[in-house]
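What the coordinates show
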Amino acid sequence: MRLKSKLKQLADQYTLSEQQFANKLKQKSLELQLADLKIKQHEEKLQQEQSQMKMYADQVSQLLATEKNLRLQLTADGEKFQQFQEALLKSNEVFETFKQDIEKMAKSMKELKKENAFLKGKCDKSDVTLIELAEEELGSKKMEAKPGQNREL
């Protein structure tokens, strides 16, 4: 009986041990499935991140190309601006020279107007003097002619 009870106890322990082992095996199987799911999730996430990284790399290369083009355009525009500045500087120099020439011409015209006015005044005086001389000569010829007429008569 004791042996039977001991055997039964061993059988119960063995059954319990088997159940525990089955439970542990089931638990490990579930843990393995969970680990597989996590691996799949990580792989999917990795693929998403790789595709996103590729997309970002494409965007970066496009942005770098755009930056390069913009820098080239900026350089070209800078050169054009420099040429414009030089042309503007030359234009300002020409304008300043033109302005100085105009000022010289204005002074010259002022002096010529003064000289012209002076010469007109002098000409008018000469005309008046000439008229006076002509009148005097005419008057003296008349006077000379009158006494001579009396002699002839």
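Residues numbered from 1 in each chain as written. Predicted model: local features only at pLDDT ≥ 70, side-chain atom pairs only at ≥ 80, totals over all residues. Heavy atoms only, no water.

Turning to the protein chain, the UniProt record has this under Sequence similarities (unreviewed entry): "Belongs to the taxilin family." (UniProt positions renumbered as here; feature names shortened; annotations may be inferred.)

**Considering the overall build of the protein chain**
Of regular secondary structure, the protein chain possesses one helix and zero strands. Taking 153 residues into account, the globule formula puts the C-alpha radius of gyration at 15 Å, and the protein chain, at 63 Å, lies well above it. For the protein chain, the proportion of its 153 residues judged to be buried stands at 0%. Total accessible area on the protein chain is roughly 15300 Å²; 60% of this is exposed by carbon and sulfur atoms. Of the side-chain charges in the protein chain, 28 are positive and 26 negative, and the distance between the mean point of each set is 16 Å. (Helix = DSSP H or I, 4+ residues; strand = E, 2+ residues; numbered from the N terminus. Rg over C-alpha atoms; globule rule 2.2 N^0.38 Å. Buried < 20%, exposed > 50% of the residue type's maximum accessible area, 1.4 Å probe, protein only. Areas by Shrake-Rupley, 256 points an atom, 1.4 Å probe, with all protein chains shown as cover. Lys, Arg positive; Asp, Glu negative; His and termini not counted. Charge placed at Lys NZ, Arg CZ, Asp CG, Glu CD.)

**Quick look at a nonpolar patch on the surface**
There is a patch of nonpolar side chains on the surface, built from F81, F84 and L88 and spanning about 310 Å² of accessible area. With respect to the helices and strands, the residue L88 is situated in helix α1 (residues 2-152). (Patch = residues over 30% accessible without salt bridge, like charges linked within 9 Å, V, L, I, M, F, W, Y side chains within 5 Å. Salt bridge = Lys/Arg side-chain N within 4 Å of Asp/Glu carboxyl O.)

**Here we look at the UniProt feature "coiled-coil region" (unreviewed entry) in the protein chain**
Under the present numbering, the feature "coiled-coil region" (unreviewed entry) in UniProt falls on residues 25-59 and 95-122. End-to-end, the C-alpha atoms of residues 25-59 are 50 Å apart, and along that stretch the chain is 100% helix and 0% strand. Secondary structure within residues 95-122 divides into 100% helix and 0% strand; the distance between the first and last C-alpha atoms comes to 39 Å.

**A closer look at the pattern of salt bridges**
Overall, the coordinates contain three salt bridges when judged by the stated rule. The residue R71 makes a salt bridge to E67 at a minimum N-O spacing of 2.9 Å. With a gap of four residues between them, R71 and E67 both fall in helix α1, about one helical turn apart. A residue is classified by how much of its surface remains accessible, and R71, at 53% relative accessible area, is exposed. E137 is the salt-bridge partner of K141, the closest N and O atoms lying 3.6 Å from each other.

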